[in-house]
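Report on the structure
Here is what each chain is made of, one letter per residue.
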Amino acid sequence: MSFCCGASMIGTRGSIRHLRTQIHNVPIVFCPVCHRIEVHHLVEDEYEILAEYAMGDGATEVDFEEYSDALSGEALFENCVNHEHEDPLELVTNQIDMSLDLLRVAKALDDVDWEHQLKNRLRVMSARRDRLRRKKTLGGYR
Ligand SMILES: [Zn+2]
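First, a word on scope: everything that follows refers to the structure included in this document.

Conventions used here
- Residues numbered from 1 in each chain as written.
- Predicted model: local features only at pLDDT ≥ 70, side-chain atom pairs only at ≥ 80, totals over all residues.
- Heavy atoms only, no water.
- Core = buried A, V, L, I, M, F, W, Y, C linked by side-chain atoms within 4.5 Å.
- Buried < 20%, exposed > 50% of the residue type's maximum accessible area, 1.4 Å probe, protein only.
- Helix = DSSP H or I, 4+ residues; strand = E, 2+ residues; numbered from the N terminus.
- Contact = heavy atoms within 4.5 Å.
- Donors = N, O, S within 2.8 Å, 3.2 Å for Na, K, Ca; no water.
- Tetrahedral: all angles 85-135°; square planar, octahedral: opposite > 155°, others 65-115°.
- Patch = residues over 30% accessible without salt bridge, like charges linked within 9 Å, V, L, I, M, F, W, Y side chains within 5 Å.
- Areas by Shrake-Rupley, 256 points an atom, 1.4 Å probe, with all protein chains shown as cover.
- Salt bridge = Lys/Arg side-chain N within 4 Å of Asp/Glu carboxyl O.
- Lys, Arg positive; Asp, Glu negative; His and termini not counted.
- Charge placed at Lys NZ, Arg CZ, Asp CG, Glu CD.
- Pairing = 2+ DSSP bridges.

**A few points about the nonpolar core**
- In terms of nonpolar packing, the biggest core is built from 26 residues, with Ile23, Val26, Tyr47, Phe64 and Trp114 touching the most fellow members.
- Every element with two or more residues in this core is listed here: β3 (10–18), β4 (21–30), α1 (44–57), α4 (88–109) and α5 (112–138).
- Ranked by residue count, the leading element in this core is α4, at 7 residues.
- Ignoring any residue separated from it by four or fewer positions in sequence, one finds Tyr47 in contact with Ile16, His18, Ile23, Val26, Val39 and Phe64.

**Description of the coordination of the zinc ion**
- Cys4 (SG), Cys5 (SG), Cys31 (SG) and Cys34 (SG) make up the full set of protein donors to the zinc ion, lying at 2.2 to 2.3 Å.
- One can describe the donor arrangement at the zinc ion as tetrahedral, given that its 4 donor atoms subtend angles of 105 to 115° at the metal.
- Mapped onto the polypeptide sequence, the residues donating to the zinc ion form the spacing pattern C-C-x25-C-x2-C. Here the residue Cys5 occupies a position in the loop between β1 (3–4) and β2 (7–8), and Cys34 occupies one in the loop between β4 and β5 (37–39), the gap between them amounting to 29 residues.
- Of the residues examined, Cys5 reaches a relative accessible area of 49% and is grouped as partly exposed.
- A relative accessible area of 40% places Cys34 in the partly exposed class.

**Looking at a negative patch on the surface**
- Residues Glu44, Asp45, Glu48 and Glu52 make up a contiguous surface patch of negative charge.
- Mapping Asp45 onto the fold places it in helix α1.
- You can call Asp45 exposed: its relative accessible area is 60%.

**Quick word on the pattern of salt bridges**
- Applying the stated criterion across every chain yields a total of 4 salt bridges.
- Put simply, Arg104 and Asp101 hold a salt bridge, and the shortest N to O gap is 2.4 Å. Here Asp101 and Arg104 lie together in helix α4, a separation of 3 residues that amounts to about one turn.
- For Arg104, a relative accessible area of 46% puts it in the partly exposed group.

**Re the pairing of β4**
- Within β4, 9 of the 10 residues are buried, which leaves it mostly tucked inside the rest of the structure.
- The pairing of β3 with β4 spans 8 bridges and is antiparallel. When the sheet's bridge partners are listed, Ile16 is paired in β4 with Ile23.
- Taken together, β3 and the strand that follows it, β4, pair antiparallel across an intervening segment of 2 residues, in which Leu19 is found at a positive phi of about 50°.
- With 3 bridges joining them, β4 and β5 adopt antiparallel strand pairing. Along β5, the bridge assignment pairs Ile28 with Val39.
- In sequence, β4 turns back onto β5 through a hairpin of 6 residues, with His35 there showing a positive phi of about 65°.

Structural data, given as structure tokens:
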């Protein structure tokens, strides 16, 4: 688990600009407090190799996933996810908060595709949250 500012960092995939190259789908960790972004430590070497290769090739865009045979996302981010809150409503609320943070990052990175993806995700999750809220009310908490 990575920590920054005392908060655990969030694992996700994002696009990172390395000099003139935009590298997509890089596993990264993101600090929700200060918005620092780091390449996931398990793929750091691969990331550097790909960045160098892309630079030598003069590529302006590469997809990390196409070149990487790193672990799948789930295994990579296992340690980053907070399983403490089992309440589904709380969980989805946390996920919405995270996505809103990530949306700020996507905007800062000027990554339109990612932004679009996050907005779609947010729409789905808000619908889910509303449904859960309704269920909770109908379930009659006294
Ligand atoms: Zn931080």
